[in-house]
Amino acid sequence: MATNEEIQKDLEKREYDAGFTTDIESDTLPPGLNEDVIRHISAKKNEPQWLLDWRLEAYRHWLTMEEPTWAAVDYTPTDYQSISYYSAPKPADSGPDSLDEVDPKLLETYDKLGIPLREQEFLAGVKNIAVDAVFDSVSVATTFKGKLKDAGVIFCPISEAVHDYPELVQKYLGSVVPQGDNFFAALNSAVFTDGSFVYIPKGVRCPMELSTYFRINALNTGQFERTLIIADEGSHVSYLEGCTAPMRDENQLHAAVVELVALDDAEIKYATVQNWYPGDENGVGGIYNFVTKRADCRGDRSKVSWTQVETGSAITWKYPSCILRGDDSVGKFFSVAVTTNCQQADTGTKMIHLGKNTKSTIISKGISAGRAQQSYRGLVRMGKNAENARNFTQCDSLLLGDKCGAHTFPYVEVKNATATLEHEATTSKIGEDQLFYCQQRGLSEEDAVNMIVNGFCKDVFDELPMEFAVEANRLMEVSLEGSVG
Amino acid sequence: MSVLAQTQQDALNLFEKIGLPTQRDEDWKYTDASRLKDLLESKVSGASVDIHNLGITELDAYRMVFINGVFTANESNLPQGISIESLATFETSNDNNEKELAKLFQVSSSDPLMNGFAAYNAATAKDGAAVCLKDNSKLDKPLYILHVSNQSHVIRHGLMLGKHAEAEVIEHFISLGEDKALSNATTAIILKDGARLEHSRIQQEGKSQSHVARVEVKQLANSSYTFHGVELGGILSRTDLVVDLHEQGASCSLNGLFVLGGRQHVDHHTRIDHTAPHCTSREHYRTVLDGRSHGVFNGKVMVHEGAIKTDSNMSNGNILLSKNAEIDTKPELEIYNDDVKCAHGATIGQLDDKQLFYLRSRGISAEAAQELLTFAFADEVLVAMSNQTVRSYVEKAAFAKLPHSDDLEGLLSE
């Protein structure tokens, strides 16, 4: 079918418009990983002894582990001794007190990316979102600190939180994703450099959307950020992360860990727009995105939702999960993943039902084009005590081109007779009848394809916060732009 | 060394290389085969077994009876002029066919779902049914293969249907005695252009018997294969069902029913390879689990590059009757092609409250209503069985496994 072929061509040609580099002097550790590097990172951050010990413990465990190979992705393994584990824009020893102290070049970078760091823009009513920007290994600026503080919300780089709120960090760090959880999580625990820390106190509804922007800039570095969000009883927070990186010929590693803790009646909405550099049309370069994201619905009636729009990265290995421990807790996962050219994605979710009356919903939409390979890999487990647990899963794949692949590996494990579970999956291409119908109603072929793809992703986009839904829609449209006619 | 002996030696080498599977193997994640290790070797002894009144006696069919894996001619009844015989005699009497036969013993580590049990089967099998249907021939009555055992044994059947040939084959497994033992059974099937086969496999062994099986089907153009797998007996039963839709227009339909209780563990791994365009596959599995039983279903459909216009559909429904039962299901799709229509669905749930209420409002007891609906749920898979005698035998046997079945027998027969 002509249309599909053209879309496919266009997807292949899709240019990466966040692919610039910023010429900024940075303080980078020489490549390599050993205990001294970890001590160095820890010293740079002026960390307390317990955290250094925690890192070293993770590192020693990591040494005993092997890189997992079960994912349906094929890539050249990373040489962990050839990357640098710390890179910070200079001067980074002391965090900037106000935006005036932030290097103007950095602000320019974020401007190019459309991240309004300057509060003026917020005041002018552009967006009402607090942003924490992470550049290579360190957090460079957090906006709206004042307003959030009034509400009692803590939103700051995790390196600051270690000093300012050590009891919170020590209590929760690693409580959802333990140091030795998996190969990449162990590596992250040993060398993580920065990330965001959020604490919403009891009964507080966070007054604005929180957002973190990650950017890899320096050459030969890996980015290892760690995000920790704690929603205390009855609180509510909505959080968004975005990611970009320059275009480079070699593969760069991004191994992040995100931990969410929801206590009684708390709700966390976590959305990701992942647009790391995907490599060129021949699969050269691009980011390896090996991420561990997990939420612990510890409290009764707590809720967590993961929403992700994945368009970037050469290799994606990512399974945002929910442990539904509290009774009546709810976990949701909404995902749109687009892979084109030689991108490979192995992504999905895990829903572990432990508490009574727990509910989970999984909606996963995959679009695969060119020579891309995409897999949904999910697990729904209902434990012995998860009375009346309920799950609904739907994973659909849209195929554009006869060289691409779409795979589904859903694991279902049920140990309770009162559980109810429904799982459905379909794989197909855009129906010629659907296209015909739209065109017959006077739509151009391009509009018709856009509409169908948008409709295909709608269930997920509806879950994004307003501003980002617009952004995600645009990202999809750019991907498909000029595909027909 | 003869061709067959050489092939068996290769299989033995493979077995020694790969060994028995463990739970670290992805395909054996949910099934612990370690306790079968000591049961692997077949024990051949002349123990006489009375098979009078065993099996589906009312079935009008050609019969082949294997006792502890050995063909028993005086209990069997075979048609004239059609090559159906015991593998043991086939090997010696038809030298020209030996090469063809040897093909059914070939195993390779790259075969889908290949494992130590299957390799061991190929390496050590001495007997089985060898069925060769000529082009355009039709077997006028079903072939009923009855397996009766009280010891560990290995058996390997080979079925070859020529162009446009048609047959119905029913394999039935029964065991006697209380000793722990293992049946290791493989059926290798080749369907040539336009051939049609309906193949039922009823596993009804005793409660200390374990069962490991492999069914391999290679389908040429426009052939059609229908499988009914019924799992009622045994303590641990694992079946690997591997279908290769090798040429255009081939179609397969795989149906499975597990009715389990006690500490039974049944695992079916199915793998359908769409290697050619315009092939169709349907798969329908249902399980009813009671007691501390454990059901495992893993259905994988692989659509290869170039297999355009593939149409594939899989559904898997499960009911847990007891709080200690467990089901693990994984319907997988691997697709390397865009011109396909593939879907799968899996459900786990309870009986519909409204339906229960309806039956109770008609004066049926809660137990009987539950029973009736469970039976109806299971029976939906059996609808696809074309042989009514086999179907009602299976229905009765499955029904007897449900709790409170006595109340209802009267109700159903009315």
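Owing to the predicted nature of the structure, the values given are computational and were not obtained by experimental measurement. (Residues numbered from 1 in each chain as written. Chains lettered and ligands numbered in written order. Predicted model: local features only at pLDDT ≥ 70, side-chain atom pairs only at ≥ 80, totals over all residues.)

Undergrad: Looking at this structure, I do not really get the overall build of chain B. What am I missing?
TA: Secondary structure assignment for chain B yields eight helices and 19 strands. Here the C-alpha atoms of chain B give a radius of gyration of 21 Å, agreeing with the 22 Å that 2.2 N^0.38 yields for 414 residues. Overall, the C-alpha framework of chain B stretches about 70 × 55 × 45 Å when taken along its three principal axes. A buried classification covers 53% of the 414 residues belonging to chain B. (Helix = DSSP H or I, 4+ residues; strand = E, 2+ residues; numbered from the N terminus. Rg over C-alpha atoms; globule rule 2.2 N^0.38 Å. Buried ≥ 20, exposed ≤ 12 C-beta atoms within 10 Å, placed from the backbone.)

Undergrad: What is the right way to read the overall build of chain A from this model?
TA: Broken down by element type, chain A carries 12 helices and 24 strands. Here chain A holds 485 residues, and 55% of them are scored as buried. A fraction of 84% describes how many contacts in chain A between residues 6 or more apart in sequence connect residues 24 or more apart. (Contact = placed C-beta atoms within 7 Å.)

Undergrad: Would you mind going over unusual backbone geometry with me for this structure?
TA: Trans peptide bonds make up the majority, and among non-glycine residues the majority have a negative phi. All names here are of chain B. Positive phi outside glycine occurs at Leu-113, with the angle close to 55°. In this model, His-164 sits at a positive phi of 60°, which is unusual for a non-glycine residue. Assignment of secondary structure puts His-164 in the loop between β6 (153-161) and β7 (166-175). Residue His-164 is classed as partly exposed on the basis of its C-beta count, with 17 C-beta atoms lying within 10 Å.

Undergrad: I tried to follow the domain arrangement of chain B on my own but got confused; where do I start?
TA: By a frequent convention, interface size equals the accessible area lost on bringing the separate parts together. Residues and elements named next belong to chain B. Along its sequence, chain B is carved into domain 1 (3-359) and domain 2 (360-414). Computed from C-alpha coordinates alone, the two centres of domain 1 and domain 2 are separated by 25 Å. Each partner contributes to the interface: domain 1 provides 30 residues, whereas domain 2 provides 26 residues. For the side of domain 1 that touches domain 2, the secondary-structure elements that each account for two or more residues are β7, β9 (196-204), β11 (224-231), β13 (251-260), β15 (280-289) and α5 (353-361). By residue class, the composition of the side of domain 1 that touches domain 2 is 16 nonpolar, nine polar and five charged. (Domains from an automatic or database assignment. Nonpolar A, V, L, I, M, F, W, Y, C, P; charged D, E, K, R; others polar.)

Undergrad: What is the right way to look at helix α9 (residues 183-191) of chain A in this model?
TA: Helical geometry note: an α-helix holds 3.6 residues per turn, so side chains three or four residues apart project in the same direction. α9(A) sits mainly inside the fold: eight of its nine residues count as buried. Its buried side turned inward, α9(A) meets α2 (35-44), α3 (49-63), β8 (226-231), β11 (257-262) and β13 (286-297) of chain A.

Undergrad: For this particular structure, what's the right way to read the nonpolar core?
TA: As a rule of thumb, soluble globular proteins bury nonpolar side chains together. Grouped together as the largest cluster of nonpolar side chains are 220 residues, with contacts concentrated most on A:Val198, A:Ala231, A:Leu260, A:Ala262, A:Ile268 and B:Ala119. Here this core gets seven residues from one element, more than from any other, and that element is strand β8 (residues 181-191) of chain B. Taken domain by domain, the makeup of this core includes at least three residues from each of domain 1 (3-359) and domain 2 (360-414) of chain B. (Core = buried A, V, L, I, M, F, W, Y, C linked by C-beta atoms within 7 Å.)

Undergrad: Mind showing me how you'd approach helix α4 (residues 116-124) of chain B here?
TA: Residues and elements named next belong to chain B. Across the nine residues that make up α4, a large majority, eight, are buried. Listed as buried for α4 are Gly-116, Phe-117, Ala-118, Ala-119, Tyr-120, Asn-121, Ala-122 and Ala-123. On its buried face, α4 sits against α1 (3-18), β6, β8, β10 (209-219) and β12 (236-245).

Undergrad: Even after reading the chapter, I still don't get the packing of helix α6 (residues 366-382) of chain B against helix α7 (residues 388-400) of chain B, so can you show me in this structure?
TA: Two measures define how a pair of helices packs: the angle their axes make with one another and the distance between the axes. All names here are of chain B. Relative orientation of the contacting elements α6 and α7 amounts to 150°, with a least axis distance of 11 Å. In terms of their interaxial angle, α6 and α7 are classed as roughly antiparallel. Between α6 and α7 lies a crossing of right-handed hand. Contacts between α6 and α7 pair Phe-375, Ala-378, Asp-379 and Leu-382 from the former with Arg-391, Val-394, Glu-395, Ala-398 and Phe-399 from the latter. Looking at side-chain class alone, the contact of α6 with α7 contains six nonpolar, no polar and three charged residues. (Axes fitted to C-alpha atoms, helices over the stretch in contact; angles between N-to-C directions. Parallel < 35°, antiparallel > 145°, perpendicular 65-115°, else oblique. Left-handed = near helix turned anticlockwise from the far one by under 90°.)

Undergrad: Hey, could you run me through the environment of B:Glu395 in this one?
TA: Residue and element names in this part refer to chain B. If you trace the backbone, Glu-395 turns up in helix α7. Along the backbone, Glu-395 and Leu-382 are 13 residues apart, and their C-alpha atoms lie at a distance of 8.0 Å. If we skip the residues at most four places from it in the chain, Glu-395 touches Asp-379 and Leu-382.

Undergrad: Please explain the interface of chain A and chain B as it appears in this structure.
TA: Listed as interface residues are 30 residues of chain A and, on the opposing side, 30 residues of chain B. Of all elements in the fold, only β22 (390-400), β23 (405-414) and β24 (420-428) of chain A reach the threshold of two or more residues within the side of chain A that touches chain B. A total of 10 residues in the side of chain A that touches chain B trace back to one element, the largest contributor, which is β23(A). Per-class residue counts for the side of chain A that touches chain B are 13 nonpolar, 11 polar and six charged. As defined by bridge partners, β23(A) adjoins strand β18 (residues 326-335) of chain B across six bridges and the pair is classed as antiparallel. Residue A:Ala406 lies in a different strand from β18(B), and its bridge partner there is B:Ile335. (Pairing = 2+ DSSP bridges.)

Undergrad: So what exactly am I meant to see when it comes to the environment of A:Ile363 here?
TA: All names here are of chain A. By the secondary structure assignment, Ile-363 is in strand β20 (residues 359-369). Of the residues examined, Ile-363 has 20 C-beta atoms within 10 Å and is grouped as buried. Through-space distance from the C-alpha of Ile-363 to that of Glu-424 is 10.0 Å; in sequence the pair is 61 residues apart. In this structure, Ile-363 is in contact with Phe-334, Gln-394, Asp-459 and Val-460, ignoring residues within four places of it in sequence.

Undergrad: Explanation requested: the pairing of β20(A) in the structure shown.
TA: Look at any regular strand and the pattern is simple: side chains alternate between the two faces of the sheet. Residue and element names in this part refer to chain A. Within β20, nine of the 11 residues are buried, which leaves it mostly tucked inside the rest of the structure. Across 11 bridges, the pairing between β20 and β22 is parallel. Its bridge partner being in β22, Lys-359 is matched across the sheet by Arg-390.

Undergrad: What exactly am I supposed to notice about the confidence of the model for chain B here?
TA: Reading predicted coordinates in detail is not appropriate for stretches of low pLDDT. Looking at chain B as a whole, the pLDDT averages 88, with 91% of positions reaching at least 70. Predicted complex metrics record ipTM = 0.84 and pTM = 0.85. (pLDDT = per-residue confidence, 0-100.)

Undergrad: Which parts of the structure should I look at to understand the packing of α5(B) against α6(B)?
TA: Residue and element names in this part refer to chain B. The geometry of α5 relative to α6 is characterised by a closest axis approach of 9 Å and an angle of 130° between their N-to-C directions. By the angle between their directions, the pair α5 and α6 is classed as oblique. Relative to α6, α5 is oriented so that their crossing is right-handed. For the pair α5 and α6, contact is made by Gln-355, Leu-356, Leu-359 and Arg-360 and by Ala-366, Ala-369, Gln-370, Leu-372 and Leu-373, respectively. Residues of the contact of α5 with α6, tallied by class, amount to six nonpolar, two polar and one charged.

Undergrad: Help me understand the pairing of β6(B) in this model?
TA: All names here are of chain B. Of all the nine residues making up β6, nine are buried; the element is thus mostly covered by neighbouring parts of the structure. The two faces of β6 match: His-153, Ile-155, His-157, Leu-159 and Leu-161 on one face and Val-154, Arg-156, Gly-158 and Met-160 on the other face are all buried. Two strands pair when backbone bridges link them, and β6 and β8 are joined in this way by nine bridges, in the parallel orientation. Within β8, the position partnered with Met-160 by the bridge is Ile-190.

Undergrad: Could you clarify how one ought to interpret the environment of B:Ala129 in this entry?
TA: Residue and element names in this part refer to chain B. With respect to the helices and strands, Ala-129 occurs in strand β4 (residues 129-133). Among the residues examined, Ala-129 registers 24 C-beta atoms within 10 Å and is labelled buried. The spacing of Ala-129 and Gly-162 is 33 residues in sequence and 16 Å in space, taken between C-alpha atoms.

Undergrad: Can you walk me through the confidence of the model for chain A in this structure?
TA: Residues and elements named next belong to chain A. Mean pLDDT over chain A: 80, with 77% of residues reaching 70 or higher. Helix α5 (residues 119-123) is the least confidently modelled element of chain A, averaging 42 in pLDDT, while strand β19 (residues 350-353) averages 95, the highest of any element. Low pLDDT, under 50, characterises residues 118-127; the stretch is placed with 11 contacts to residues that sit more than four places away or in other chains.

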